[in-house]
2 protein chains.
Amino acid sequence: MDKRITIYDLAKTLGVSAGTVSRSLNDHPSISQKTKDRVISKANELGYKTNKFAVNLSKQKSNTIGVIVPKLNSIFMSTVLAGIEKIANEAGYNLIISQSLESMEKEKLNAKTLYDSGVDALLVSLAYDTTDFDHFANYIRNKIPLIFIDRVHNLPNCSTIIIDNKLAGFEATEHLITQGCKNLLYISGNLKRNVYSERLKGFKEAMAKHNLKFDKANLLESDLGPSSVKDVIAHIKNNNIPIDGLFVANDTFAAHCIKELKKENYKIPGDIKIIGFNNDPISELVTPTLSTINYPGYELGVLAGQSVISHLNGGIDLHPANSITLRHKLIIRESTL
Amino acid sequence: MDKRITIYDLAKTLGVSAGTVSRSLNDHPSISQKTKDRVISKANELGYKTNKFAVNLSKQKSNTIGVIVPKLNSIFMSTVLAGIEKIANEAGYNLIISQSLESMEKEKLNAKTLYDSGVDALLVSLAYDTTDFDHFANYIRNKIPLIFIDRVHNLPNCSTIIIDNKLAGFEATEHLITQGCKNLLYISGNLKRNVYSERLKGFKEAMAKHNLKFDKANLLESDLGPSSVKDVIAHIKNNNIPIDGLFVANDTFAAHCIKELKKENYKIPGDIKIIGFNNDPISELVTPTLSTINYPGYELGVLAGQSVISHLNGGIDLHPANSITLRHKLIIRESTL
DNA sequence: AATATTAACGCAATCGGTTGCGTAATAAGT
DNA sequence: ACTTATTACGCAACCGATTGCGTTAATATT
């Protein structure tokens, strides 16, 4: 029971060649049904397990999909991953997951490691500070499917899966304005990342549409870490004209803002109305409940998964350089009423 | 640039054997420094990349660690994973992550897939309904390190990494009692899982210590899904003696309970004091802020990572059948004051 | 100087499948 | 009955490293 049995063992006991065993096991058309049956039943009898290492070597593919995300421990990202994993698993692929920890250097290392490991495809959500993209060159050159999700960058022949962040930003902002806010503040993540810069565009457009002039004071770029909440409070307290509407780049940070603002005796939504982003579970649990934009993370993951799989199975790019845009949705709760 | 070059290409252009190239690249002692230098510089010059597939096949190991968790999209689990990933990555291992979705069947499939993929070790946090453990037999038989984290089970020669759930449960409960609660309710997850059953033991012990008799009405087993909050409310409303202290198996569910109880006009902590578990980020953001037990997920992951790596490097089990217990901590916030 | 060591490397088997090509045996065509 | 297709399988060359063992050449021993 210790020694793993191989196709050669099977071949010998059955009196056929190893090639025949291999083809039988893979249901190759040029093998008679009778032989296939013999091989398969004998394989079961002896408890044969195919050795993936050998398969990988000879096929030069690993049945594995690499994923690089900024952080694993964010509810949004782990939800996306849950979606990806489900699809990949169903399709018989394994997922190798690594995190860049928002550092381009680590992202590069991960990209290289995964490349060397021979992943068949790579899914990436970019780190905060990624500015160049040479680390993906190998993938592109060797035609390994490369798909960006959420935090994307346009590279030739790479798909992207996103939502319409500009429109979402527009809708969130217009909602604040409709609720009577006159002096808005957009608390953004790193503007190098599409998700935040696009939302800023939408923010500006909404202001323009409603005859509000955009000023630097209407924007605060932040790393969205818990310790940066104080910057937000400072910005708000020091502003000439009192801010009455806050558009925050994610729900968790928005929740922290709410907490601190309440501590500073601001009334939410009385003094300041707040809208977040993502529709994280937390948005329903804070007081007041948080208006937000629903960003379907799980669906995003599922779509990303399906996209890679189809790339991988289709062989040819079914949708060369395509971009999938998911539907978002404005969710109105107490914090803007 | 297209054709990957192999040790044979190197061997040919250098006029040495492939074996020498291989040994040079691996810094084998029986090769002269001069030759090593020649090989290495030529390798760099030609852009040689070692083919992991071939290495895996000949070494029969993959440099990969498998992980099975119930769900990816939980803040606790993804935090644990973040810790594991960091360590594994630093040690040069890849992580293949899969989720059982709380189903034993899927857990079995995952265990099999990962085994077939040739992972060098397996980390597992058990699904809700896992009752038998045959799917791990292959690992044990072939001496592949198997480590359980958080939701554990005692199997021969398998490490477990946990906290003292019983003591934590005791402390949480005693804290409620100290705050004046007389009629407690423990809202538990599936009691087949050690984490929940241990906490129940602690719960009972604390009650006993303070001369409170434990009754079925003091326990509610739940799947802790959002839709089960109504059961909690029903249980509380229908109870003969009004419940004044709630010990909830995790913070997220506790947050949901708080929300619904407030909606039902219960005052927290006035009418009912509540303590959660895990110290999820949400516990600080709800109103009132939630008392809880700090469960250091990241450290747990780090420790799990270090443990596997040492198993893997040490070859021999350094700590056969050991069990690592992390320190937890009672965190008192508004919900129990 | 003759022999025993040691250092440095080559040979070839091995890991376990996959697959193009060739061929014997059987079935079909005329 | 003879030629032509088909079917069913065997052969052996890969895939790209690793590694035990043997061999040559350089160094040490007495």
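Because the structure is predicted, anything quoted here is derived from the model rather than measured. (Residues numbered from 1 in each chain as written. Chains lettered and ligands numbered in written order. Predicted model: local features only at pLDDT ≥ 70, side-chain atom pairs only at ≥ 80, totals over all residues. Heavy atoms only, no water.)

Caption draft 1: How the structure looks around the interface of chain B and chain A. In this assembly, 49 residues from chain B lie in contact with 50 residues from chain A. Contact with chain A buries surface across chain B, with F53, N94 and L285 of chain B losing the most and accounting together for 17% of the total. Connecting chain B to chain A are two salt bridges. The shortest N-O distance in the salt bridge between E85 of chain B and K106 of chain A comes to 3.8 Å. For the pair chain B and chain A, the interface holds 16 residue pairs in polar contact (both at pLDDT 80 or more). Elements represented by at least two residues in the side of chain B that touches chain A include exactly helix 4 (52–59), helix 5 (75–90), strand 2 (94–99), helix 6 (104–117), helix 11 (251–263) and helix 12 (282–285) of chain B. (Contact = heavy atoms within 4.5 Å. Buried area = accessible area lost by both parts, 1.4 Å probe. Salt bridge = Lys/Arg side-chain N within 4 Å of Asp/Glu carboxyl O. Polar contact = N/O pair within 3.5 Å; in protein donor to acceptor, adjacent residues only side chain to side chain. Helix = DSSP H or I, 4+ residues; strand = E, 2+ residues; numbered from the N terminus.)

Caption draft 2: Local environment of the protein's contact with DNA strand D. As a matter of local geometry, DNA strand D sits amid 26 residues, with T20 and T35 of chain A together with S22, R23 and Y48 of chain B nearest to it. If you look at DNA strand D and keep only atoms within 4 Å of the protein, 59% of those are sugar or phosphate atoms. Here a phosphate oxygen of DNA strand D and a side-chain polar atom of T35 of chain A are 2.3 Å apart. Measuring from a phosphate oxygen of DNA strand D, one finds a side-chain N or O atom of S22 of chain B at 2.4 Å. (Near = heavy atom within 4 Å.)

Caption draft 3: Region of interest: the pairing of strand 6 (residues 184–188) of chain B. Residues and elements named next belong to chain B. Burial analysis of strand 6 places five of its five residues in the buried class, which makes it a mostly covered element. Here strand 6 shows two buried faces, one formed by L184, Y186 and S188 and the other by L185 and I187. Inspection of the sheet shows strand 6 paired to strand 8 (residues 245–248) by four bridges, in the parallel sense. In the strand pairing of strand 8, Y186 is matched with F247. Pairing analysis gives three bridges linking strand 6 to strand 7 (residues 219–221), with the strands arranged parallel. Each residue of the ladder has a partner; that of Y186, found in strand 7, is L219. (Buried < 20%, exposed > 50% of the residue type's maximum accessible area, 1.4 Å probe, protein only. Pairing = 2+ DSSP bridges.)

Caption draft 4: Spotlight on the relation of the copies chain B and chain A. Superposing chain B onto chain A takes a rotation of 180° combined with a translation of 0.1 Å along the rotation axis, leaving an RMSD of 0.1 Å. Here the two chains are linked by the operation of a two-fold rotation axis. Mapped onto chain A, 100% of the interface residues of chain B again fall at the interface, so both copies present the same surface. (Least-squares fit on C-alpha atoms with pLDDT ≥ 70 in both.)

Caption draft 5: The arrangement of the protein's contact with DNA strand C in detail. Lining the immediate environment of DNA strand C, one finds 26 residues, of which Y8, S22 and R23 of chain A together with T20 and T35 of chain B sit closest. Sugar and phosphate atoms form 58% of the subset of DNA strand C atoms that lie within 4 Å of the protein. A distance of 2.3 Å separates a base oxygen of DNA strand C from a polar atom in the side chain of R23 of chain A. Within the side chain of N26 of chain A, one N or O atom sits 3.1 Å away from a phosphate oxygen of DNA strand C. Residue assignment for the surface near DNA strand C shows that the elements contributing at least two residues are helix 1 (7–14), helix 2 (18–25) and helix 4 (52–59) of chain A together with helix 2 (18–25) and helix 4 of chain B. For the surface near DNA strand C, a count of residues per class yields eight nonpolar, 15 polar and three charged. (Nonpolar A, V, L, I, M, F, W, Y, C, P; charged D, E, K, R; others polar.)

Caption draft 6: Structural view of the nonpolar core. Judged by nonpolar contacts, the single largest core of 149 residues is most densely connected at I65, L246 and I274 of chain A together with I65, L246 and I274 of chain B. Dropping the residues within four chain positions of it, I274 of chain A is found in contact with L176, L246, V248, A254, I258, L261, I268, L290, S291, S335 and T336 of chain A. (Core = buried A, V, L, I, M, F, W, Y, C linked by side-chain atoms within 4.5 Å.)

Caption draft 7: Highlighting unusual backbone geometry. With an omega of 0°, the peptide bond running from I268 of chain A to P269 of chain A counts as cis. Relative to the helices and strands, P269 of chain A is located in the loop between helix 11 (251–263) and strand 9 (273–275). We note that N211 of chain B has phi near 60°; this positive angle belongs to a residue other than glycine. Topologically, N211 of chain B is positioned in the loop between helix 9 (194–209) and strand 7. Exposure remark for N211 of chain B: the relative accessible area of 69% places this residue in the exposed category. A positive phi angle is found at N265 of chain B, which is not glycine, with a value near 70°. Along the chain, N265 of chain B turns up in the loop between helix 11 and strand 9 (273–275).

Caption draft 8: How the structure looks around the domain arrangement of chain A. Along its sequence, chain A is organised into domain 1 (7–50), domain 2 (62–163 + 297–328) and domain 3 (165–295 + 331–336). Using only C-alpha atoms to locate each centre, domain 1 of chain A and domain 2 of chain A end up separated by 37 Å. (Domains from an automatic or database assignment.)

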